[in-house]
Each structure stands twice: as structure tokens, then as C-alpha cells.
Amino acid sequence: MSPRKSLGSNPLSTKKSDAALREMLSGPAKPRLQTSAAPAALVLSGRGAEAAFEVGVLAGLASANGFEAEVLTGVSVGAMNAAVLAGHAGDLASAAAKLRGIWLDEVAADRWTGRNGLYRSRGDLRALLEPTRLPGAIAELVGDSSHWVRDALRHGARIVSSGDDLATRLLWFADLSSMLSLDPFAALVAKVVDLESVRGSRRRLRIATANWATGSLDLRDGSGLDRATGHLRIVAAAARAGIFPCVEIEGVPHVEASAFANSDLAPAIEAGAEKLHVPVFHPAGSPGDRPASTIDALHRQMAQLQLARLQRELAEMHARRPRGLSIHIYRGTLSSEGSHGFLDLRRDRIAALIEHGREAARHHDCKAAGCLPGED
């Protein structure tokens, strides 16, 4: 098992962490991958359904110029994309086709039951509409009831011991993660990610999660994803705190790392990549837009936080011009009208996100996207 690497715990960054990042970019040269050209990286951090945008960007890059990447970094559902790419023996064009099939055939929601490859709403009676899955659906409902009882006891104990007024204490029961389960995503990851292939891959994989108890980032190389915890780490990478439950790994609660990282680009740069390709999807807004729900508000805030962090990193690098480093940003946004954002797994929405990513890669404009051009 590879050692943990902490890149910070404050989502808003600190002077100390900024100085460390600047030192990393301007200090002594890091060991580089042994390749004939500048090593390239894919930085994948798509959230929920929006990670399908990355599949389109990859397909556009691979079809245009035979694109290859020696380094793959993954956060959120982007971790699954990165792991599938790492475990694929062929070129990235065929890997993109494989991922497209996974998203359209495995992740996309069933039109009638809502069953999908990312999450399950606990207590959803639509599961009973599939006669072939009836025994499993009944077992899930029984398990959900037990889950809610345990949650009620846990929250009840906190309410009794709290010194707050009753109304404030009752708010502890407002736990969205009690309503959603990542069991479908865990099953999908176990199905599509071959850990043995990942460990022996010629592409270097790096997966980030966060230790909820300490707030520290846990960064693992693909070579260190063992049988016991490898799949769990990929699932934990998508476990957004407050929306999905924590994933227990060796007795430690792990969650999505987006809110805990000081840098989205550092893991790829530290791995020796000199040419970074970064798909960035941001929910579209409008002047009259308002938060539609707690989930919508949390998601939009996190998306904006990630975008601001990336913009800060790019601004620093534009000022310093690190020798030999180039960063290419592929920006995308689609109207969220009539959509449930990153939880919208309708097949037509996923297909639209993939095509949108493909077009973003085909019509990429470095100047308009604010890329960092490489300098010899």
C-alpha cells in the first residue's frame, strides 16, 4: 500500500499552502516520466452525471490526434473514469468508447424505475416494479428500514445530549445522506474496474479521497490499490459529504476530496506530467436563478469553489510561467432547466453531456479558455 500524501485540508487555501504550491512549481525539477515527448495528464474531477462531460472531451482529443496520457488523476466520479482508463490495455480512443458504453448502458437511469449506476434513493418503491428484481428490492427495503433506525438512534443520542433548544436539536435529523445510498456505484466500480490491470498499468493513476475525521487528503497511486480497499477508495472519491454517506475504509470515514484540496493540478504535476488536460464543467445559471433545493445549493457552491481554485492556480502559473509546463482547459456548461443537475442521470442528458465534451475538445480555443501555453 502506498503512503498517504497530504496536500492540505483547507478548501479556501492558506498562505502556507500557496507558498508550498509556488515552491513546487518554481523549485528543483521533479523526476519525470521516461517518455519521448512531454508526459501528458488527464485531470478528471467530474461530479456525478457531469463526469460524462469528461468522456466526451477524451473522445474528442483521442479522435483528433491520437492523444495519449501517461498520468491520470481522479476526484469525485472522475475517479471511476480515471481508473477505467488506467486499467484499459488499448489506446485512449478505444478506452473512450468503452467509457461511453459504461455511461450510457450502466450509469444511465432506467426510464421507469429510476435505477441507475450511481446512487439509490432509500425506500424507493419503484424498485418493486421489476418482477425479476423483486426479492432484491424487498431486501433493500428491509435494509433501508434498519439503516433509518440506526440513524434515528444516532441522531437521537445527539439530541438528548445537546444543550441547544429543541428546534435546533431537531435539525440534526435533516440528513440528506440518510436518504441516498452509493451501493449501485460500488457495484458498478467492482464490475468495470480491474484492479490487477490498474496496478500493472503503463499509465500512472492517482485517486484522491479525504479523511473526514482529520480533514487530510489521502492520495493513492493506482499501484497501491489493493483488493481489500481499492474499489472502496474509488467509491469514496465520489462520496460528497452531506449528500452521500461516508465510506468506511479500515475503520476510517472517507469522503470526496474536492472541499479538502488546495490544488486540483498538483497531483498530476507531482507525478511528472508536463502537459495537463483539464475538463471543467460548470452548471449554467441565469439572472433569475435561485437555489432549487439544499442539494442544488451545496452542488453549486462546490462547483464554484473548484472553479475559483482552478482560476487561482492558473493565475499564479501565468505569472510565473513554469518552464515546460502547459495546461489546457476544456470548458463546458449546459442549461440545468428541467434537470436535477449532477444527479440527473437520464440517458438523453448523459448523451448530451458526452457530445458537449466532444465538441469542447474539437473546438478548443486556448486563448478563450485561459490555458497556460508551454514555454521551452
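Our subject in this report is the structure included herewith. (Residues numbered from 1 in each chain as written. Predicted model: local features only at pLDDT ≥ 70, side-chain atom pairs only at ≥ 80, totals over all residues. Heavy atoms only, no water.)

Take the pairing of strand S6 (residues 217–221) next. The element S6 is extensively covered by neighbouring structure, given that five of its five residues are classed as buried. Of the two faces of S6, the one lined by Leu217, Leu219 and Asp221 and the one lined by Asp218 and Arg220 are each fully buried. In terms of strand pairing, strand S5 (residues 204–211) meets S6 through five bridges, oriented antiparallel. Across the sheet, residue Ile207 finds its bridge partner in S6, namely Arg220. Count of turn residues in the S5/S6 antiparallel hairpin: five residues, of which Gly215 carries a positive phi of about 80°. (Buried < 20%, exposed > 50% of the residue type's maximum accessible area, 1.4 Å probe, protein only. Helix = DSSP H or I, 4+ residues; strand = E, 2+ residues; numbered from the N terminus. Pairing = 2+ DSSP bridges.)

Two descriptors summarise a pair of aromatic rings, namely the distance from one centre to the other and the angle between the planes of the rings. Tallied over the full model, the rule gives three aromatic pairs. Ring geometry for Trp212 against Phe260: centres 6.1 Å apart, planes inclined by 75°, an arrangement best described as edge-to-face. Of the two residues, Trp212 sits in the loop between S5 and S6 while Phe260 sits in the loop between strand S8 (252–256) and helix H10 (266–270), which places them 48 residues apart along the sequence. For Trp212, a relative accessible area of 46% gives the class partly exposed. For Arg240, the ring lying beneath its charged end belongs to Phe342, and the centroid distance is 5.7 Å. (Phe/Tyr/Trp six-rings, centres within 6.5 Å; stacked < 30°, edge-to-face > 60°. Lys NZ or Arg CZ within 6 Å of the ring centre and 35° of its normal.)

Right, let's get into the environment of Arg358. Inspection of the secondary structure puts Arg358 in helix H12 (residues 347–362). Spatially, the C-alpha atom of Arg358 lies 7.8 Å from that of Leu61, the residues being 297 residues apart in sequence. Residues contacting Arg358, with those up to four places away along its chain left out, are Gly56, Val57, Ala59 and Gly60. (Contact = heavy atoms within 4.5 Å.)

Positive phi, close to 55°, is recorded for Glu250, a residue that is not glycine. With respect to the helices and strands, the residue Glu250 is situated in the loop between strand S7 (247–249) and S8. With a phi angle near 50°, Arg321 is a residue other than glycine that sits in the positive phi range. Assignment of secondary structure puts Arg321 in the loop between helix H11 (294–320) and strand S10 (326–332).

This part takes up H11. Taking 1.5 Å of rise per residue, the 27 residues of H11 would be expected to cover 39 Å, and the 39 Å separating its terminal C-alpha atoms lies within 8% of that figure. Remark: Arg321 follows H11 within two positions and exhibits a positive phi of approximately 50°. (Expected span 1.5 Å × (residues − 1).)

Our focus in this paragraph is the nonpolar core. Counting residues in hydrophobic clusters, the biggest one holds 67 residues, and the most contacted among them are Met80, Leu85, Trp103, Phe185, Val193, Leu205 and Ile350. For this core, the element with the highest residue contribution is helix H4 (residues 92–107), accounting for eight residues. What Ile350 contacts, discounting residues up to four positions off in sequence, is Ala52, Trp103, Leu104, Val107, Ala108 and Leu345. Counting 21 residues, the second largest nonpolar core, distinct from the first, contains Leu265, Ala268, Leu325 and Cys371. (Core = buried A, V, L, I, M, F, W, Y, C linked by side-chain atoms within 4.5 Å.)

A few words on the pairing of S8. Most of S8 sits out of view: four of its five residues are buried. Sheet analysis places S5 next to S8, joined by three bridges and oriented antiparallel. Across the sheet, the residue bridging to Ala210 is Val255, located in S8. Pairing geometry for S7 and S8, over three bridges, is antiparallel. Its bridge partner being in S8, Val247 is matched across the sheet by His254. Taking the residues between adjacent antiparallel strands as the criterion, S7 and S8 are bridged by two residues, where Glu250 takes a positive phi near 55°.

Let's shift gears to a nonpolar patch on the surface. Nonpolar side chains collect at one region of the surface, where Leu125, Leu128, Leu134, Ile138 and Val142 lie side by side and expose about 430 Å² of accessible area between them. By secondary structure assignment, the location of Leu128 is in the loop between strand S3 (120–121) and helix H5 (134–161). Judged by its relative accessible area of 34%, Leu128 is partly exposed. (Patch = residues over 30% accessible without salt bridge, like charges linked within 9 Å, V, L, I, M, F, W, Y side chains within 5 Å. Areas by Shrake-Rupley, 256 points an atom, 1.4 Å probe, with all protein chains shown as cover. Salt bridge = Lys/Arg side-chain N within 4 Å of Asp/Glu carboxyl O.)

What follows covers the pattern of salt bridges. Here the structure, examined in full by the defined rule, presents 16 salt bridges. Between Glu256 and Arg240 there is a salt bridge; the shortest N-O distance is 3.0 Å. Of this pair, Glu256 sits in strand S8 while Arg240 is found in the loop between helix H9 (230–236) and S7, placing the two residues 16 residues apart along the sequence. With respect to class, Glu256 is no different from Arg240; both count as buried. The partner of Arg309 in a salt bridge is Asp264, and the shortest N-O contact between them spans 3.1 Å. Placement of the pair is Arg309 in helix H11 and Asp264 in the loop between S8 and H10, with a sequence separation of 45 residues. Residue Asp264 is classed as buried on the basis of its relative accessible area of 16%. By sharing partners, the salt bridges in this structure join Arg204, Arg206, Asp221 and Glu270 into a single network.

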